[in-house]
Each structure stands twice: as C-alpha cells, then as structure tokens.
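Architecture and fold: a report
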Protein chains: 2
Amino acid sequence: MAVYTEVSDEDLARFVAGYDIGDVLACKGIAEGVENSNFLLHTRAGYFILTLYEKRVDPADLPFFIDLMRHLADKGISCPTPVAARDGAMLGELAGRPAAIVSFLDGMWVRRPKRVHCAELGRALAELHLAGSDFSMRRANALSVEHWRGLLALSLDQADTVSPGLADLLAREVDHLEGAWPRDLPSGVIHADLFPDNVFFIGEELSGLIDFYFACTDALAYDVAICLNAWCFEPDLAFNVTNARALLDGYRSVRAFTDAEFESLPLLARGAALRFLLTRLHDWLRVPEGALVTPKDPVEYLKKLRFHQGVSSASDYGLVT
Amino acid sequence: MAVYTEVSDEDLARFVAGYDIGDVLACKGIAEGVENSNFLLHTRAGYFILTLYEKRVDPADLPFFIDLMRHLADKGISCPTPVAARDGAMLGELAGRPAAIVSFLDGMWVRRPKRVHCAELGRALAELHLAGSDFSMRRANALSVEHWRGLLALSLDQADTVSPGLADLLAREVDHLEGAWPRDLPSGVIHADLFPDNVFFIGEELSGLIDFYFACTDALAYDVAICLNAWCFEPDLAFNVTNARALLDGYRSVRAFTDAEFESLPLLARGAALRFLLTRLHDWLRVPEGALVTPKDPVEYLKKLRFHQGVSSASDYGLVT
C-alpha cells in the first residue's frame, strides 16, 4: 500500500498539460506498489497510471525501465506502456520526483496460483525474454551473486535472532553459490521480480505483467528460477510440482531451454531463494518503530532455500528433458 | 489512506456476479476514505467504487445512507449512486463485511478552496437540502449538542495536555451551547461532514459530493455552519470573509435562509467547531502506538471555536440580510 507523495491539483494539471491526453477528470492514489506512489489517472483520453518514483528507485536507472517497457509494449508484450509527452519525453518531474504516465492494465493478481496460471506465466515469461532479446540498453543485476556477500554482511550479526543457526547457513550458502554459480548461460533482459502480484489475470487468462523496476540483464533461466520460488510453493511451503511443471512447460513451449540452463536450474533456484531471503532479512531487521509497511517474513524464503538445497536435479521440479 | 480488508478474487467474482455489470476486469484498493475500504472496480459495464464498511460504521445505519444516496441521485444530485444487484438489494456482504457498489464520480478535491469553489459548494449544499426534503427516512445526528457533554467527559481529564485551560473552556462552551442551542430551525437531511475532501471539482466546476456516512436529520443551517468552518479559514486560520460570503450567497441563491437561520449562524458555527474539536480531541488522545493514520490536530478547531466565540452577528461572516 503506497501513496507517499501528495500532488496538488495545480501541479497535476500542469504536468498532464504536457501530454496529449486531455484534461484531468480524476486522480486517485492507489494502494499498490511498495516502492513508488501510484495514482489512477482519468483524463478525457481514458484511464492511466501515474507513477511518482520515490527514494528506493535510482533515477539513473529510470531510462532503462521506461525504455524497456516501451520496447516490450511495441513488441506486443502486455505491460504498462509509457506515454510520451508532447516533447517526446517519457519521464518528467512532478512534486519534485521523477514521474511517468503509463497505460492502465486491466486484470487482477492471483492469490493462490493454480496450474493454469503457472502455464500462462511460463509462456508470458518466455515471450518477455524473446521480446527483450533486441533491447539495446543494459543494466547489471544489482542483487545477483556478487552482491550477496555484502548484503549478508549487513545482517550477519543479527541473523540468528530470526532463526538459530541462520548466520552460519547463509555464510556457507554464499560460499557455495559464489563457487558454483553458472556464468555463461543465455542472458538478456529479465524481469527479476515476477511475483504473483506483478502478473495480472482476467479469469484464467494472463492480461499483463507490471512492475519492471528490478528488471536487468542477467541469465534468462534465473528469471524462471525466481518464478519457481514465487509461484510453486503452497501456503504451507510444500513444493507444488504440478505448478512447476506447468510453468516450465509453458516457458519451453515458447523458448527452448539449453542443456546448461536445464542443468543449472536447481542452483539458480537456490540462488533466487537466497537473494529474496537476504533482502527480506535485511528489511526485517531494520523495520523502524511504527512503520507503515510490515516487512515480509524472511523465514518463508529460508524454508524455500532449504527445499532447493535438497534438490539434486531439475527433474525434481517436474521437468523432463 | 485506507484499504483495511483484502478481498479474494473468488469472493469478488461471486459478489459481482450478483449484479448486472459484467465480469470484473480490475479492482484496485484506493487510498481514500478513513472509515471504510474502497476499491476502484472496473467491469465490462464501466468503472465503479466498491465499498466495504468497516467497524466504524454501524450496519444499522447503512440502509439510511444507501437509500439517501439513491434518493439524491434520482433527484439529480451528483453523488455516488448505489447500484442495485439483480435481486434489487443495494447492500450485500463481501469478505464478512457489508458492501455496496456505487457509481464512480469524476473530479478532484480542492486543497485550497477559493471564492469560486465556495460559491459552487453553497449552491450544491442548498440543492442537496432541497432534494432531501421528501426523503422519508430519518436518522438522528449522533454527534449533536446533546452528545457533546458525554463526548467531552471522555477527554476532560487529559484535555489540558493538548492546550492549557482547554478542559475549562470546553466545559463552559458545552454549558453555553446546551442552553442557547436553537431547536426549531428548518430541519431535514444534512450531509454533516462536507469537508473539501468530500467535494469533487473538475476545474472550477463542482462535479459531485461524496461520503454520506455522517448524514442525518438535523437543522439545515447547521450544515452551512460546518462548511463555514471547513472551507472558510486560511491555512493560518484567518477567517476568509470572501469565501464565506460566496458560500452563503451561493446557498441563498438556491434556498432562502429564514430569519431564525440567519440569526443562529454564529451559534451554529460555534457548535460545529466544538463538535469537530471534541471528536478530534478524542481521537488525538487515543491514538494507538504505531498507528497507521495520524489523527487530525484538535488545535485547529480550538482556534476556529475561539474565532466564532468573538462573532456577535451573522454579518461578521459577510452575510447581509
């Protein structure tokens, strides 16, 4: 839930006047997105999302995100499409923050993903990877294997307060993954945060992907591994092989896995679990008194990590070569 | 900012299926309303607001509010119009709460009301009073003069921590108003909470009134007095006579004041200031640690009350007979 910045009517009217979308009819803060302020914007031309980028997004990264969404939309991916202002710019400034207007996407996110959703997700993810293959900009993944040791250092001394023995487990895991991490897998644009709340469905049909603010250039199969973690565990953290198989089959119906990708999947899934465990642990240990947002429990990802540690081959995810 | 209740897709789909508005395309929590959970609902039939009534609204009052909005809308007042389900009901249940679907109203609320807005407001308020004149249901004002002593009792012991001498001032004010309060003014449906955030404008034109959850049967001129308090003070709490005159002239261009209403205005304005001072004081003293919502500062209404205490005749508000 997030509207951090209030925008005056005058500022809003002035900002929107720079676009060819008619006068503002309504603008309502929406309780969505944790990093930015989002507003539903109704103008004479229709419904849009107005986003104000708050502190957690580096302004230097915004051109990558905005141009990527535009590129993907032009390739037919259903994602928020940045609207260009009259001067051609897709990024402006409003209330002292970088701001953009993007298309409004219908759909709702699925609280309990089922097989059919995972199959749709797999196809959409592969389509995203293919559509991104000729995107010319690059952005390093700021939360990949080479950053985990530094991230861990920030929480190491308090990790055991969350779960006894956690500090040791994490240190060993970072050692292992740094050594074993695959470095030459097919790479390109990945979403890197494709959790259920970033994927919209209308009924059982996927209607769009949102929130590209972790997107970067990295191994494509790592994106699949993130989705395995985010979509294929039950609320009790049992692994749902049916969902995993549907996700992977859906993906491979659009883009084939290489042998190396296939074999790397258990390792990538461990890495993905570790990445979210480390950031959640960091946020969990640093929640300010009286904070507005409850941080996500890191223990969920500790359990997922432990599951992947016990996996020896990609076939354990329901994947057949 | 308020979305208190999460609604599952399945529950939402089932609820909306009871209406003749097509499938759900999108549903986003909106950061508006402090008492209830509000969602922007997009269906095949268009855009709506879905409201879930949380604890602070008495379910027994809901038929009054819902039927009133329907009545006013039928009379041409631009307000949220409850949509009837296929079975005719305008109130249902969703996620264990009473719930209603109402029309989506365009417009934005004005942060710094000017003369033109107050003139529009005055006209709209008088139109609301006229449109309500043949509404058959009644609801007593639960926050009027006979409730102030009880409300004060809840905060009396701590009032001086907010402002030295406040307890005394309030006790004397309640004594005075109980004795002097006019009891036979023209009465009918009043909104009773028509603050700027409940009045939408598109440009300088009033586009709608929202949030009827304090509406009740009381002196019509008391509604005007509430608006004088809410719309006619500058941020530094100087009284803006230009705004007040515009508001009153706007009102009287649609519905004439009686002599008794005219003469009672200073007293009613004192009472309105006291009512909001008392409820704000109560909320202020009871804000839980780490609360999500910052309560409104009661001192603003203490200053307004003091202003009205110094007013001897309605002409001080810019009003001429």
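A quick note: this is a predicted structure, and the numbers were derived from the prediction, not measured.

Some thoughts on the overall build of chain A
In terms of regular secondary structure, chain A is built from ten helices and nine strands. Radius of gyration (C-alpha) of chain A: 20 Å, near the 20 Å computed for a compact globule of 321 residues. The dimensions of chain A, computed from C-alpha atoms along their principal axes, are 60 × 45 × 35 Å. Expressed as a percentage of the 321 residues in chain A, the buried residues total 42%. In chain A, once contacts between residues fewer than 6 apart in sequence are set aside, the share between residues at least 24 apart is 72%.

What to know about the environment of A:Leu319
Residues and elements named next belong to chain A. Relative to the elements of secondary structure, leucine 319 occurs in the segment after α10 (299-309). Under the C-beta neighbour-count criterion, leucine 319 is labelled buried, with 21 such atoms within 10 Å. Through-space distance from the C-alpha of leucine 319 to that of threonine 242 is 10 Å; in sequence the pair is 77 residues apart. Those residues in contact with leucine 319 that sit more than four places away from it in its chain are Arg245, Leu248, Phe262, Leu265 and Ala314.

Observations concerning the environment of B:Val254
Residues and elements named next belong to chain B. Inspection of the secondary structure assignment puts valine 254 in the loop between α8 (241-252) and α9 (259-285). Valine 254 sits in the partly exposed class, given 15 other C-beta atoms within 10 Å. Sequence spacing of valine 254 and glycine 208 is 46 residues, and the spatial spacing of their C-alpha atoms is 17 Å. If near-sequence neighbours (up to four positions away) are discounted, valine 254 is found in contact with Arg123, Ala126, Glu127 and Leu130.

Details of unusual backbone geometry
Residues and elements named next belong to chain A. Of note in this structure, alanine 192 is not a glycine but carries a positive phi near 75°. Note on placement: alanine 192 falls in the loop between β6 (187-190) and β7 (199-202). Of the residues examined, alanine 192 has 22 C-beta atoms within 10 Å and is grouped as buried. We note that leucine 237 has phi near 70°; this positive angle belongs to a residue other than glycine. Within the secondary structure, leucine 237 is located in the loop between α7 (220-231) and α8 (241-252). Residue leucine 237 is classed as partly exposed on the basis of its 14 C-beta neighbours within 10 Å.

Things to note about the nonpolar core
Core analysis: the biggest nonpolar cluster contains 193 residues, and A:Leu247 and B:Leu247 have the highest contact counts within it. Here B:Leu247 is in contact with B:Cys118, B:Leu121, B:Gly122, B:Cys227, B:Leu228, B:Trp231 and B:Cys232, once residues within four sequence places are set aside.

Some words on the domain arrangement of chain A
How big an interface is tends to be stated in terms of the accessible area lost upon association of its parts. Residues and elements named next belong to chain A. Segmenting chain A into domains produces domain 1 (9-103) and domain 2 (115-317). With centres defined by C-alpha atoms, the gap from domain 1 to domain 2 works out at 27 Å. With 17 residues of domain 1 in contact, the opposing surface of domain 2 contributes 17 residues. When grouped by side-chain class, the residues that make up the side of domain 1 that touches domain 2 number ten nonpolar, three polar and four charged.

Section: the pairing of strand β3 (residues 46-52) of chain A
All names here are of chain A. Among the seven residues in β3, five count as buried, and that is most of the element. With seven bridges joining them, strand β2 (residues 37-43) and β3 adopt antiparallel strand pairing. The residue bridging phenylalanine 39 from the neighbouring strand is leucine 50, located in β3. Two elements, β3 and strand β5 (residues 97-103), share five bridges in a ladder whose sense is antiparallel.

Observations concerning the pairing of β2(A)
Burial analysis of β2(A) places six of its seven residues in the buried class, the great majority of the element. Here β2(A) folds back onto β3(A), and the loop between the two strands holds two residues.

Concerning the environment of B:Pro186
Residue and element names in this part refer to chain B. Within the element layout of this structure, proline 186 appears in the loop between α6 (166-180) and β6 (187-190). Note: C-alpha distance between proline 186 and glutamate 261 (75 residues apart in sequence) is 7.8 Å. Aside from chain neighbours lying at most four places away, what touches proline 186 is Leu220, Thr258 and Glu261.

Observations concerning the sheet that holds β5(A)
Residues and elements named next belong to chain A. Strand order in the open sheet made by the five strands is β1-β2-β3-β5-β4, with antiparallel pairing throughout. With one partner strand each, in any of the chains shown, β1 (24-29) and β4 (92-94) form the two edges of the open sheet. Adjacent strand axes in the sheet meet at a mean angle of 35° when their direction is disregarded. Packing against the sheet, helix α1 (residues 9-17) makes contact with β1, β2, β4 and β5, and its axis sits at approximately 120° to β1.

Side note on the packing of helix α9 (residues 259-285) of chain A against α10(A)
Residues and elements named next belong to chain A. Taken N-terminus to C-terminus, the directions of α9 and α10 make an angle of 160°; their axes are 9 Å apart at the nearest point. Considering their axes alone, α9 and α10 lie roughly antiparallel with respect to each other. Crossing hand, α9 versus α10: left-handed. Judged by residue contacts, Pro266, Ala269, Arg270, Ala273, Leu274, Phe276, Leu277 and Arg280 of α9 engage Tyr301, Leu302, Lys304, Leu305, His308 and Gln309 from α10. Class assignment of the residues belonging to the contact of α9 with α10 gives a composition of nine nonpolar, two polar and three charged.

Thoughts on the confidence of the model for chain A
Looking at chain A as a whole, its pLDDT mean stands at 93, while 96% of the residues score no less than 70. Note on the complex model: pTM 0.87, ipTM 0.84.

Some thoughts on the sheet that holds strand β4 (residues 92-94) of chain B
Residue and element names in this part refer to chain B. The five strands lie next to each other as β1-β2-β3-β5-β4, forming an open sheet whose pairing is antiparallel. The strands lining the two open edges of the sheet, one partner per strand, are β1 (24-29) and β4. Averaged over all pairs of adjacent strands, the angle between their axes in this sheet comes to 35°, without regard to strand direction.

A short note on the packing of helix α7 (residues 220-231) of chain B against α8(B)
Residues and elements named next belong to chain B. Following both chains from N to C, one finds α7 and α8 inclined at 150°, their axes separated by 10 Å at the closest point. The angle between α7 and α8 falls in the class roughly antiparallel. Both α7 and α8 take part in a crossing whose hand is right-handed. Residues Val224, Cys227, Leu228 and Trp231 of α7 touch α8, and the partners they reach there are Asn243, Ala244, Leu247 and Tyr251. Across the contact of α7 with α8, the residue classes break down as seven nonpolar, one polar and no charged.

Calculation criteria
Residues numbered from 1 in each chain as written. Chains lettered and ligands numbered in written order. Predicted model: local features only at pLDDT ≥ 70, side-chain atom pairs only at ≥ 80, totals over all residues. Helix = DSSP H or I, 4+ residues; strand = E, 2+ residues; numbered from the N terminus. Rg over C-alpha atoms; globule rule 2.2 N^0.38 Å. Buried ≥ 20, exposed ≤ 12 C-beta atoms within 10 Å, placed from the backbone. Contact = placed C-beta atoms within 7 Å. Core = buried A, V, L, I, M, F, W, Y, C linked by C-beta atoms within 7 Å. Domains from an automatic or database assignment. Nonpolar A, V, L, I, M, F, W, Y, C, P; charged D, E, K, R; others polar. Pairing = 2+ DSSP bridges. Axes fitted to C-alpha atoms, helices over the stretch in contact; angles between N-to-C directions. Parallel < 35°, antiparallel > 145°, perpendicular 65-115°, else oblique. Left-handed = near helix turned anticlockwise from the far one by under 90°. pLDDT = per-residue confidence, 0-100.

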